[in-house]
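One letter stands for each residue in the lines below.
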Amino acid sequence: MLITLADITSDATTYYLVKKDNLKLLVNIKNYTLEVIELPSNTNDKKFVYGQNKFKNYGEFKIK
């Protein structure tokens, strides 16, 4: 599993792009609420837009 720190310009909370095989999830924890959004498998890992928000990849780490 690969987890990427994704930055968003319009929200101060941290988002994570989680990738495993062909699955890509955008994950956010805010006010004790876990939000998980499944992204299309062809989503660009470096920069992408979801809704009205723009995300940029700022690093990654692997979890086994």
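Structure first, text after, so check above.
Definitions and limits used
Per chain, the residues get numbers from 1 upward, laid out in the order the sequence is written. Where totals are concerned, whole chains, interfaces and linings use all residues; where local detail is concerned, this predicted model gives features only for residues with pLDDT of at least 70, and gives and counts side-chain atom pairs only at 80 or more. Each side-chain value is derived from all of the structure's non-hydrogen atoms; neither hydrogens nor water enter the calculation. Strands are runs of DSSP state E lasting at least 2 residues, helices are runs of H or I lasting at least 4, and numbering of each runs from the N terminus. Each residue is placed in one exposure class: buried if its accessible area under a 1.4 Å probe, protein chains only, is under 20% of its type's maximum, exposed if it is over 50%, and partly exposed if it falls in between. Residue contacts are defined here by distance: any two heavy atoms, one from each residue, within 4.5 Å place the two residues in contact. Every accessible area reported is derived by Shrake-Rupley at a probe size of 1.4 Å, with residue values counting cover from the shown protein chains alone. Nonpolar cores are built from buried Ala, Val, Leu, Ile, Met, Phe, Trp, Tyr and Cys residues. Side-chain atoms within 4.5 Å join them into one set.

### Quick word on the overall build of the protein chain
The helix and strand inventory of the protein chain stands at 0 helices and 6 strands. The order of helices and strands in the protein chain, counted from the N terminus, is β-β-β-β-β-β. Counting across all 64 residues of the protein chain, residues that qualify as buried make up 33%. Look at the contacts in the protein chain between residues 6 or more apart in sequence, and 32% of them connect residues 24 or more apart. Counting only carbon and sulfur atoms, one obtains 52% of the accessible surface of the protein chain, whose full area is about 4,800 Å².

### Description of the nonpolar core
One finds Y15, L17, L26, I37, L39, F48 and F55 forming the largest nonpolar core, which totals 7 residues. Secondary-structure elements contributing two or more residues to this core are strand 2 (15-20) and strand 4 (33-39). Those residues in contact with L39 that lie beyond four places of it in its chain are L17, K24, L26, F48 and Y50.

### Digging into unusual backbone geometry
Phi at D21 takes a positive value of approximately 55°, unusual for a residue other than glycine. The residue D21 is located in the loop between strand 2 and strand 3 (23-30) in this model. The exposure class of D21 is exposed, given its relative accessible area of 77%. The residue N31 is not glycine, and still its phi comes out positive at about 50°. Taking the relative accessible area as the measure of exposure, N31 reaches 66% and is therefore exposed.

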